[in-house]
Amino acid sequence: MSMNRIWRAALAALSLVAGAGAAMAQDFPVRGRPLMFMTAFPAGTAMDIYGRLIQERVQQELGVPMVIDIRSGASGNIGMEAAARAAPDGHSVLIATSAMLAINPAVLPAMPVNTQADFIPLMTLFEAPNFMTVSTEKRPNFTTCGAVVEAARAAPGRLNYASTGIGASTHLAGAQFAAVQGIDLLHVPYRGGPFAMTALLQGDVDVFFYQTGPVIEMYRQGRVRLLGVTSSSRIPAVPEVPTIAEACNMPGFESTTWYGLVVPARTPAPIVARLADVFGRIAREPAIEAKVIEWGFAPSVADGETMRRRLAEDLPRWRAVVERVGARVN
């Protein structure tokens, strides 16, 4: 076969693929078939709350039901694997965190997915710091960050902290805090935020570096005390809560995570563009942004290419953090 014929055959094949993608895009969304908004952590967590916030608007824009599809466990890996294996037809969208995409590969020895190759980023949505959280009832003596540090120094290895799973931002925030302070805190992972929070309120754990949204209401009810926030500056939702850098005399301390949307690799470009347009416009609506700020998050809507670059930068950065604090699972 001549080189010209090979090139013509290759171009014909590419045209067929492009044509199939265009046809698929014209059929999207399939009438009556729901869009599965997949989350990798339990009900009541930030992913679930955000999904329910935008659910009605997505349904209005796409004309199909949007179902919150919870696939929790394994620090988000169960949800990521399910999303990566879903049909690349636009009907499966995963809300993921930078912890899932960038920290898990650094912490866990085996991953069921390649977080760069198996997904197409749609956009980033918002950023979330963590609060150093204690129970007002079970730990009444922990009124300041300093009190926690003093207690840890007095009884090395006796104080513990909860997380939403190995490799989660709630884990790394606690590990970074302990490493910088030079104290020995025992890590106790749970399957998700509601389970870890229950343990905190019952007195089974001492501290929980929990993300802002789900814990603010409990703080306003007086059930928990917030000793510091892991962002570089105080957040508008609770400006009275100092940063960890301020409260614990730890200049430069910061540990935040970002949330974004991804779809399975091989999803046709026209469908990716449609989803990015719909979710992007909804995320930027003033009522949606106001609610995100009320939860203590920072709106950070950016396109898929920006998200791709950010993930590429975060992977080596978090690998270095994990190695420094000794958080890798062997």
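All values reported here derive from a predicted model rather than from experimental measurement.

What counts and what doesn't
Residues numbered from 1 in each chain as written. Predicted model: local features only at pLDDT ≥ 70, side-chain atom pairs only at ≥ 80, totals over all residues. Heavy atoms only, no water. Helix = DSSP H or I, 4+ residues; strand = E, 2+ residues; numbered from the N terminus. Expected span 1.5 Å × (residues − 1). Buried < 20%, exposed > 50% of the residue type's maximum accessible area, 1.4 Å probe, protein only. Salt bridge = Lys/Arg side-chain N within 4 Å of Asp/Glu carboxyl O. Bend = angle between axes of the 7 residues up to and from the residue.

### Structural notes on helix H6 (residues 169-181)
- Compared with an ideal rise of 1.5 Å per residue, which puts 13 residues at 18 Å, H6 spans 18 Å between its outermost C-alpha atoms and is within 8% of the ideal.
- Summarising burial for H6: 11 of the 13 residues are buried, a large majority.
- Among the residues of H6, Ser-169, Thr-170, His-171, Leu-172, Ala-173, Gly-174, Ala-175, Gln-176, Phe-177, Ala-178 and Gln-181 are the ones counted as buried.

### Some words on the pattern of salt bridges
- Taken as a whole and assessed by the stated rule, the structure comprises 14 salt bridges.
- Put simply, Arg-57 and Glu-61 hold a salt bridge, and the shortest N to O gap is 3.1 Å. Note that Arg-57 and Glu-61 are positioned in helix H2 (residues 46-62) at a spacing of four residues, about one turn of the helix.
- A salt bridge links Arg-308 to Glu-305, with the nearest nitrogen and oxygen atoms 3.4 Å apart. Of this pair, Arg-308 and Glu-305 both sit in helix H12 (residues 304-325), three residues apart, which is roughly one turn of the helix.
- With a relative accessible area of 38%, Arg-308 lands in the partly exposed category.

### A word on H2
- With 17 residues, H2 extends 23 Å from end C-alpha to end C-alpha; this agrees with the ideal 24 Å at 1.5 Å per step.
- Of all the bends found along H2, the most pronounced is centred on Gln-55 and spans about 45 degrees.
- Inspection of H2 places Ala-46, Met-47, Asp-48, Tyr-50, Gly-51, Ile-54, Gln-55, Arg-57, Val-58 and Leu-62 among the buried residues, and these make up the whole buried set.

So, to be careful, I would describe these as geometric facts and stop short of saying anything about function.
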